[in-house]
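Tertiary structure, described
Here are the chains, one letter per residue:
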2 protein chains.
Amino acid sequence: MALIVQKFGGSSVSDAEKIKHVAARILEAQAQGNDICVVVSAMGDTTDDLVDLADSVSSKRENREMDMLLTAGERISMSLLAMAIQEQGGKAKSFTGYQAGISTDSDHGSARISKIEPVRVREALNAGEIAIVAGFQGFSFETGDVTTLGRGGSDTTAVALASALNADVCEIYSDVDGVYTADPRIVPRARKLAQIDIESMLELSSSGAKILYIRAVEFARRHGVPLRVRSTFSVDSGTLVYTTKPGEEMEEPVVSGVTTDDTQSKITIIGLPDIPGKAAEVFQIVAEAGVNIDMIVQNSSSQDTQLSDISITLPHSERPKIVEALRAKQAEVGFEGVSYDDEIGKLSIVGAGMKTSSGVSAKLFGALARAGINIEMISTSEIRVSVITRASQLKDATRAVHTAFELDAADTAIIYAGTGR
Amino acid sequence: MALIVQKFGGSSVSDAEKIKHVAARILEAQAQGNDICVVVSAMGDTTDDLVDLADSVSSKRENREMDMLLTAGERISMSLLAMAIQEQGGKAKSFTGYQAGISTDSDHGSARISKIEPVRVREALNAGEIAIVAGFQGFSFETGDVTTLGRGGSDTTAVALASALNADVCEIYSDVDGVYTADPRIVPRARKLAQIDIESMLELSSSGAKILYIRAVEFARRHGVPLRVRSTFSVDSGTLVYTTKPGEEMEEPVVSGVTTDDTQSKITIIGLPDIPGKAAEVFQIVAEAGVNIDMIVQNSSSQDTQLSDISITLPHSERPKIVEALRAKQAEVGFEGVSYDDEIGKLSIVGAGMKTSSGVSAKLFGALARAGINIEMISTSEIRVSVITRASQLKDATRAVHTAFELDAADTAIIYAGTGR
């Protein structure tokens, strides 16, 4: 008998019919002899609707009250799911983050889990009940207040709970039936991977694949939680995301997949004096604005070797704030100007096998060159190479690279339609 | 400086505009130098919508999960209200029943408050913040689960909190601007009472006036909490519901008001053997069905003096269940039959002065007789006389009685449009 944590995203429980379907699916897994703990997100657009309501009474989004507001969402979905399971003859009990023993710090809106003591969840499982836990939410014992975990919070709840319960597997359900070698909407011949190592999954998540939130993948890797990405609406076994212990490493395909991200902007700080400490001043400004940047490239200015340019990439939504912050300090730091570009696209290839295989970058750049695509920035890790291109060329680039690395399937993949939160 | 508990019902916070209006109103009361603790219901139809959702996934309404579901409603309204107050420059913090220290038993769906320890509410008030508490909900420390207080629960939360905080007054806001001598929709010349004693208010509430829930009034009487019934949408001072200490009793008007109730049915058990214990058997059947009955009248059967008839009144909604339960036991108990009548109306006159004034019943029956209205059942308390008439005659009866007791105003009252929950 296995203990399985199943996480269902908002699109899997967006109306009464889908909730009943999920209830039946959970009961099937239990009938196969498993203990089932379920983590559930708010129904469909509930969170967006609540945010709209908040915006209609207030121009600020005060974090403590926002968390109080948003946590209403999972209360609704989880109690309905418990009732649906009971209606179908099962036993189920729903638990808030607090009741499930999910302790966090008190950083409202993006709290971090500090400890999980799922006493009541274990009691429910021991009593043969399906334990349903609210995703996305926790409780700060320091302040006595409800907290939320931020974007991808429900994935994180599921993985953390699977770790605390020592579950055999954490299944992440959405409307996508697994991890693909590329986004099938861009590359019709993308293949679903039967399995992928967690390091590669981490790089895929951080390079724009929306299928699993990077924070949850990081948690799974650190705690050795096996994940399985499955579709709520098919019986396909999905993709196993496995963790390897040292010495257990398998032969990996060189490149597991190609991922793209068209949600970034590039900002270039032009004509920064090429003296020690100036780059640090620039990044201090960015850090004070509280923004995570992705890629950084510094190179000498074409006009003057005493000056350099620094380009950074970051999410579109953060771009205006950073440009404004930089321009406000332009005279003080002494650079010549700031430019930005919202029309960039990022393409990444990811694979654990890249560590031991040479020539991967050469093959990538060759494929892009043959397709007539200019590379504007490059960044690499041990198992990932990312390049910045024009956003308008991103789809062509992805198809060319997918073919060059021999990832194309014989058949056209089924197009999937977006992911749950 | 006074400490005021203000309760706002669902119709007072049914959309963003109304929430902003309520926020402004709360800040005005604070600006006048008062400490303000607010109790708030779920927005408008939220509770009904959530019940509909539950019905769409389940044919049962499992109580623990229903409470989990319904308590989402106040989380939404209270956090939005806190944000609206902050937006208008005030300081506010919202608290769940648990956070406000509202302990209940674990009777889901109709929990009773066992203790209130509003530590965090006091801290907030001491910090100059407006403390916003979720109405209708509590927490069972025995089970660790969220509970709800049942119908009128938000009124009860407000009164109980006012008692625990030793508040100077508990203001109940709705879309009605006070307690009237009769329902102005029925009696256009009904007068708003500037004040009423709490015993009379209790009788009004139990006789069908929807303005305050009887359970909250009972709590206020037992704990000596002064209430004020006010409108969210006018500056009128409303009606003070005062509690008197022994020896403090004032001269009361003989009759404070006339109230009506057309939501009851009459059930008659026909031909019950007139021997000891038979009536007890009948009421045992009713008790086992878990129904509160209102009036009881027993009289000898017209056909046979060895048999008697018993008539009871109870809510429409309970009538089918009780009739079925009685018929199932008819042979066992040995009565001749069960009949029922859904077309009855109840009229009550209420007033603390009736205790010391004779002739009130005579005046009531005379007025009804002159209006050609037949009386079918009568029940009395020290400060109330209720009669059952045909439902179709109830409005005429009310107007006749209102006039006979000289309650008519010189002017026609403003018609009000229903009450909050």
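The structure under discussion appears in the preceding block.
Here's what I pulled together on the structure shown here.

1. Let's talk about the relation of the copies chain A and chain B
With an axial shift of 0.0 Å and an RMSD of 0.1 Å, the rotation relating chain A to chain B amounts to 180°. When the rotation and shift are considered jointly, the pair of chain copies conforms to a two-fold rotation axis. Among all residues of chain A, the one whose C-alpha sits closest to the rotation axis is Ala72(A), at a distance of 2.4 Å. Both copies contact each other with a shared surface, as 100% of the interface residues of chain A are interface residues in chain B too.

2. Some details on the environment of Ser379(B)
Residues and elements named next belong to chain B. Position of Ser 379 relative to the elements: it lies in strand S19 (residues 377–381). Taking the C-alpha atoms as reference points, Ser 379 and Gln 88, separated by 291 residues in sequence, lie 52 Å from one another. Setting aside its immediate chain neighbours within four residues, Ser 379 contacts Met 295 and Ser 386.

3. Remarks on the sheet that holds strand S11 (residues 227–231) of chain B
All names here are of chain B. With mixed pairing, eight strands are arranged side by side in an open sheet as S3-S6-S2-S1-S9-S11-S12-S10. In this open sheet, the two edge strands, each paired with only one partner strand, are strand S3 (92–95) and strand S10 (195–197). The mean inter-strand angle of the sheet, taken between neighbouring strand axes irrespective of direction, is 20°. For S11 and strand S12 (residues 239–242), the ladder comprises three bridges, and the chain directions are antiparallel. Residue Leu 227 lies in a different strand from S12, and its bridge partner there is Val 241.

4. Quick word on unusual backbone geometry
Residue and element names in this part refer to chain B. Backbone geometry places Phe 136, a non-glycine residue, at a positive phi of 80°. Following the sequence through the fold, Phe 136 ends up in the loop between strand S6 (130–134) and strand S7 (137–140). What makes Phe 136 buried here is the crowd of 28 C-beta atoms within 10 Å. Of note, Glu 406 is a non-glycine position whose phi angle comes to about 55°, a positive value. The topology assignment puts Glu 406 in the segment after helix H13 (394–404).

5. Thoughts on the sheet that holds strand S3 (residues 92–95) of chain A
Two pairing modes exist for strands in a sheet, parallel and antiparallel, and in both the strands are linked by backbone hydrogen bonds. Residue and element names in this part refer to chain A. The strand order across the open sheet built from eight strands is S3-S6-S2-S1-S9-S11-S12-S10, with neighbouring strands paired in mixed fashion. At either margin of the open sheet sits one strand with a lone partner, and together these are S3 and strand S10 (195–197). Each neighbouring strand pair of the sheet contributes to a mean axis angle of 20°, computed without reference to strand direction. As paired elements, S3 and strand S6 (residues 130–134) share four bridges and run parallel to each other. Looking at S6, one finds that Ala 92 is bridged to Ile 130.

6. Some thoughts on the pairing of strand S18 (residues 344–350) of chain B
Residue and element names in this part refer to chain B. Taking burial as the measure, the seven residues of S18 include seven buried ones, the bulk of the element. Side-chain alternation along S18 places Ile 344, Lys 346, Ser 348 and Val 350 on one buried face and Gly 345, Leu 347 and Ile 349 on a second face that is also buried. Pairing of strand S13 (residues 257–261) with S18 involves five bridges; the strand directions are antiparallel. Bridge pairing links Thr 259 to Ser 348 in S18. In terms of strand pairing, S18 meets strand S20 (residues 384–390) through seven bridges, oriented antiparallel. Residue pairing for S20: Ile 344 is matched across the bridge by Arg 390.

What counts as what
- Residues numbered from 1 in each chain as written.
- Chains lettered and ligands numbered in written order.
- Predicted model: local features only at pLDDT ≥ 70, side-chain atom pairs only at ≥ 80, totals over all residues.
- Least-squares fit on C-alpha atoms with pLDDT ≥ 70 in both.
- Contact = placed C-beta atoms within 7 Å.
- Helix = DSSP H or I, 4+ residues; strand = E, 2+ residues; numbered from the N terminus.
- Pairing = 2+ DSSP bridges.
- Axes fitted to C-alpha atoms, helices over the stretch in contact; angles between N-to-C directions.
- Buried ≥ 20, exposed ≤ 12 C-beta atoms within 10 Å, placed from the backbone.

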